[in-house]
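Coordinate analysis (summary)
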Amino acid sequence: MIQTRNLHYAYPGGMELSFPDVDVAQGSVLLLSGPSGCGKSTWLALVAGLVAPTQGTITVANQALGAMKKVASDAWRAGAIGFLPQKLHLTSALTVQENLAMAQWAAGVPEDAQRIQAALQSLGVADLAGRKPGQLSGGQAQRVALARAVLLKPQVILADEPTASLDDEAAADAVALLLDTARAQQATLVIATHDARVAQHLSACSDSQIAFQRLQLGRGMLEKT
Ligand code: ADP
Ligand code: MG
């Protein structure tokens, strides 16, 4: 679950962004939409605990962000939140296998090759474990990054513009993959996007078993501080 209250964020010297309150039940899907620059990526960074709000509270998986000490919160976040960033941030010098092992290390759990293999398998990329990111197609790299994001069975999956630069068919596949992955893990899924195709794909994919809500951010969220 994700709950935010009175959430504000200001970049140093920048605009103040204010966000509407959000309640996302565990296992449901939130589509965070709105034009470029309205604050979608910032909202994800706040909910992922990567930046601290200037005002307001965030609860993720029953944990109030900011309530833990830094080291504990870094490890908790690595396990509880799966982040699929827009730029995938796979480490180019490491193999796919090693990239996933790094995620286990970051969360302070023992390296578990079997689990890595299972995660890659579930996304159809187990045969790519020995490759470096530079040897993957865009779609393969995204699957690997998603395998890494869900490796520790996070309760929340956050995806930033997962269909950017994908053609219609690949975009539909990416949305279906995210939904399937979230459902298999009973995770809460947030897709942040300005891509209008995602809403169509989500409605087409989601059946009555998935609660799906939409939050549209607008330019009105921006206030000069
Ligand atoms: P979106 O993901 O919806 O395109 P962002 O969250 O990236 O929007 O950006 C929201 C607003 O914050 C924009 O006006 C953007 O210019 C500004 N912004 C984003 N990142 C920074 C930054 N690092 N420093 C200052 N302003 C930023
Ligand atoms: Mg963005």
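In what follows, the accompanying structure is described.

Reading guide: rules and limits
Residues numbered from 1 in each chain as written. Chains lettered and ligands numbered in written order. Predicted model: local features only at pLDDT ≥ 70, side-chain atom pairs only at ≥ 80, totals over all residues. Heavy atoms only, no water. Salt bridge = Lys/Arg side-chain N within 4 Å of Asp/Glu carboxyl O. Helix = DSSP H or I, 4+ residues; strand = E, 2+ residues; numbered from the N terminus. Buried < 20%, exposed > 50% of the residue type's maximum accessible area, 1.4 Å probe, protein only. Near = heavy atom within 4 Å. Polar contact = N/O pair within 3.5 Å; in protein donor to acceptor, adjacent residues only side chain to side chain. Areas by Shrake-Rupley, 256 points an atom, 1.4 Å probe, with all protein chains shown as cover. Nonpolar A, V, L, I, M, F, W, Y, C, P; charged D, E, K, R; others polar. Axes fitted to C-alpha atoms, helices over the stretch in contact; angles between N-to-C directions. Left-handed = near helix turned anticlockwise from the far one by under 90°. Contact = heavy atoms within 4.5 Å. Phe/Tyr/Trp six-rings, centres within 6.5 Å; stacked < 30°, edge-to-face > 60°.

Turning to the pattern of salt bridges, a few remarks are in order. Scanning the entire structure with this criterion turns up 6 salt bridges. Between Asp74 and Lys70 there is a salt bridge, with the nearest N and O atoms lying 2.6 Å from each other. Of the two residues, Asp74 and Lys70 are both situated in helix α2 (residues 70–80); the distance of 4 residues between them amounts to about one turn of the helix. Judged by its relative accessible area of 60%, Lys70 is exposed. One network of salt bridges, in which partners are shared, links Lys70, Asp74 and Arg77.

Turning our eyes to something else, we now look at the site of ligand 1. Taken together, the neighbourhood of ligand 1 is formed by Tyr11, Pro35, Ser36, Gly37, Cys38, Gly39, Lys40, Ser41 and Thr42. Take Tyr11: an N or O atom from its side chain is 3.5 Å from a nitrogen atom of ligand 1. The separation between an oxygen atom of ligand 1 and a polar main-chain atom of Cys38 is 3.3 Å. If ligand 1 stood free it would expose 570 Å²; the protein chains cover 59% of that surface. Each residue belonging to the shell around ligand 1 can be placed in one class, and the counts come to 3 nonpolar, 5 polar and 1 charged.

At a closest axis distance of 10 Å, the pairing of helix α3 (residues 96–106) and helix α4 (residues 113–122) adopts a crossing angle of 115°. The hand of the α3/α4 crossing is right-handed. Along its contact with α3, which presents Val96, Gln97, Leu100, Ala101 and Gln104, the element α4 presents Ala113, Arg115, Ile116, Ala119 and Leu120. A breakdown of the residues in the contact of α3 with α4 according to their chemical character gives 7 nonpolar, 2 polar and 1 charged.

Applying the stated criterion across every chain yields a total of 1 aromatic pair. Centroid distance Tyr9 to Tyr11: 4.9 Å. Interplanar angle 85°. Geometry classified as edge-to-face. Overall, the relative accessible area of 10% leaves Tyr9 in the buried class. The partly exposed category is assigned to Tyr11, whose relative accessible area is 42%.

All right, on to the environment of His89 then. Mapped onto the elements, His89 comes out in the loop between β7 (81–84) and α3. Taking the relative accessible area as the measure of exposure, His89 reaches 58% and is therefore exposed. The spacing of His89 and Arg115 is 26 residues in sequence and 21 Å in space, taken between C-alpha atoms.

Note on placement: Tyr11 falls in the loop between β1 (2–10) and β2 (16–18). Each C-alpha atom, one on Tyr11 and one on Val51, is 10 Å from the other, the two residues being 40 residues apart in sequence. Contacts of Tyr11, omitting those with residues within four sequence positions, involve Leu17 and Thr42.

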